[in-house]
Amino acid sequence: MFGLTVGASMALSAGVAFAQKGETVKIAWIDPLTGLMAPVGQNQVKSFQFFAEKFSNDPKLNPAGVKFEVIPIDNKLSPTESLNALKAAIDQGVRYITQGNGSSVAGALIDAVAKHNERNPGKEIVFLNHSAVDPDFTNSKCNYWHFRFDADTSMKMEALTTFIKEAQPDVKKVYLLNQNYSHGQQVARFAKELLGQKRPDVQIVGEDLHPLAQVRDFAPYIAKIKASGADTVITGNWGSDLSLLMKAATEGGFNGKFFTYYTGVSGTPTALGSNGAGRIFQASYSHYNMGGQAQLWADEFKKKFNDDFYTSSVIRIYSILSTAMAKAKSTDPVKVAAAMEGLKFNGQINGEVEMRKADHQLQQPLYIVVWQKADAKFPYSPENTGMTLAPVKEYPAYVSSTPTSCQMKRPS
């Protein structure tokens, strides 16, 4: 898998068993545990802790032999609170941080980590971005100390619009409804740009940006969407902003299609219930019916927490850290960051993936899934709704990849 023979691989494992074997690697998790987005954050803390235990106790998963410890810090979805959290983590000797809910927060952390590392040689921090998808983070604002494990907004829109071109001829009139921050703005921008290239016959009949995690009633937006004559909504909304939108769509009798990024995330399956079958699509880097080991883990997670595992980038983060630490024979962030660049590794979900050296954007397949009744072929039912997100199209990594303009400055 890593271009080694079995014998060479075993020799590598034996040779690095290990300068850091048994060492504890602390990861500060900086995301919301209070407010409207708390259910998402609470789910992700459990996800990070669940897999910290898995990787800490399984040498097959973790060739470095380290122990992972997660330190959750509530940032209240605030960039300012996140900078305070970063300082608190640094004061505790943490050298790795993770965050993903809100690109406004991620942008602040990328800048802060870069400044800290410049001013504090020997005490560098690595930022492992699990879900913040603003494309600028691996383009104009790329930074050596930042690594992204989700697919960015443009990659997912590339997949969605290709699917609309190939398989959705009845999409004619689109309404763009998104959160008013960088990710939502980028969803709208790339939707217009890519639909214009691939389906110039499609009309954009309306566009709205609304405050992030503040709207409690989306009925007025649904009324505007219906009045526009739209047959389709494209939205990058997540958490309460998507679940409340779906609730309003059901109550308001909007029967059009939705093309989304985060239908599978806490709250939205319940808001949909049995509504929307065949009409709600999602672009994502994994889904609820992956099969294999990923499915076994998802089932175990549900049994343990009565909750659904959906942030699969968590697995990739532990996979790359343990592989890179084994390669570097160290847990030092400077050596580990260098080892992660360009690394091809087993992401444990759908085979080998690559952390692109040019911009630190993970290269991975993307899936289009549709909301439908769970059945024998696709049995997993999020939030016990009796429904599922079933795969209808897979785009391999080389198709879902987008070019980068990153001019990365590396440490001298």
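Data block above holds the structure.
Description of the structure in this document.

1. Focus on the pattern of salt bridges
When the charged atoms of two side chains with opposite charge come close together, those side chains can pair. Summed over all chains, the structure comprises 18 salt bridges. Between Asp 150 and Lys 156 there is a salt bridge, with the nearest N and O atoms lying 2.9 Å from each other. Accessibility expressed as a relative area gives 1% for Lys 156, which makes it buried. The partner of Asp 201 in a salt bridge is Arg 199, and the shortest N-O contact between them spans 2.9 Å. Salt bridges sharing partners connect three or more residues here, namely Lys 172, Arg 199 and Asp 201.

2. A closer look at the environment of Asp 359
Tracing the chain through its elements places Asp 359 in the loop between β12 (352-355) and β13 (362-363). In this structure the C-alpha to C-alpha distance between Asp 359 and Ala 213, which are 146 residues apart in sequence, comes to 30 Å.

3. What to know about the sheet that holds β12
Across the sheet, which stays open at both edges, the three strands sit in the order β11-β12-β13 with antiparallel pairing between neighbours. In the strand order of this sheet, the two ends are held by β11 (344-346) and β13, each with one partner. The pairing of β12 with β13 spans two bridges and is antiparallel. In the strand pairing of β13, Glu 354 is matched with Gln 363.

4. Digging into the pairing of strand β10 (residues 280-284)
Of all five residues in β10, five are buried; the element is thus mostly enclosed. Sheet analysis places strand β9 (residues 257-260) next to β10, joined by three bridges and oriented parallel. Bridging across to β10, Thr 260 finds its partner in Gln 282.

5. Brief notes about helix α5 (residues 153-167)
With 15 residues, α5 extends 21 Å between its outermost C-alpha atoms, agreeing within 8% with the 21 Å of an ideal straight helix rising 1.5 Å per residue. All buried positions along α5 are accounted for by Thr 153, Ser 154, Met 155, Lys 156, Met 157, Ala 159, Leu 160, Thr 161, Thr 162, Phe 163 and Ile 164.

6. Describing the state of the cysteines
Tallied over the entire structure, the rule returns one disulfide. Each sulfur of the disulfide joining Cys 142 and Cys 406 lies 2.0 Å from the other. Between Cys 142 and Cys 406, the S-S dihedral sits near 85°, and the bridge is therefore right-handed. A residue pair is termed long-range when its members are at least 10 positions apart, and Cys 142 in the loop between β4 (126-129) and β5 (146-148) and Cys 406 in the segment after α13 (397-400) qualify at 264 residues.

7. Considerations on the side chain of Ser 56
Checked against the element boundaries, Ser 56 lands in helix α2 (residues 38-56). A polar atom in the side chain of Ser 56 sits 2.6 Å from the backbone oxygen of Ala 52. Beyond its immediate chain neighbours, meaning those up to four positions away, Ser 56 contacts Asn 62, Val 66, Lys 67 and Phe 68.

8. A look at the sheet that holds strand β1 (residues 24-31)
The parallel open sheet is built from five strands, whose spatial order is β2-β1-β3-β4-β5. Of all strands in the sheet, those with a lone pairing partner are β2 (67-74) and β5, marking the two edges. Taking each pair of neighbouring strands and ignoring which way they run, the sheet shows an average axis angle of 25°. The sheet contact formed by β1 and β2 spans eight bridges and is parallel. By the bridge assignment, Ala 28 is partnered in β2 with Ile 71. Across the sheet, helix α3 (residues 79-91) touches β1, β2 and β3 (96-99), and the angle it forms with β1 is around 165°. Sheet strands in contact with helix α4 (residues 103-119) are β3, β4 and β5, and its direction is about 165° off that of β3.

About the cut-offs
Residues numbered from 1 in each chain as written. Predicted model: local features only at pLDDT ≥ 70, side-chain atom pairs only at ≥ 80, totals over all residues. Heavy atoms only, no water. Salt bridge = Lys/Arg side-chain N within 4 Å of Asp/Glu carboxyl O. Buried < 20%, exposed > 50% of the residue type's maximum accessible area, 1.4 Å probe, protein only. Helix = DSSP H or I, 4+ residues; strand = E, 2+ residues; numbered from the N terminus. Pairing = 2+ DSSP bridges. Expected span 1.5 Å × (residues − 1). Disulfide = S-S within 2.5 Å. Polar contact = N/O pair within 3.5 Å; in protein donor to acceptor, adjacent residues only side chain to side chain. Contact = heavy atoms within 4.5 Å. Axes fitted to C-alpha atoms, helices over the stretch in contact; angles between N-to-C directions.

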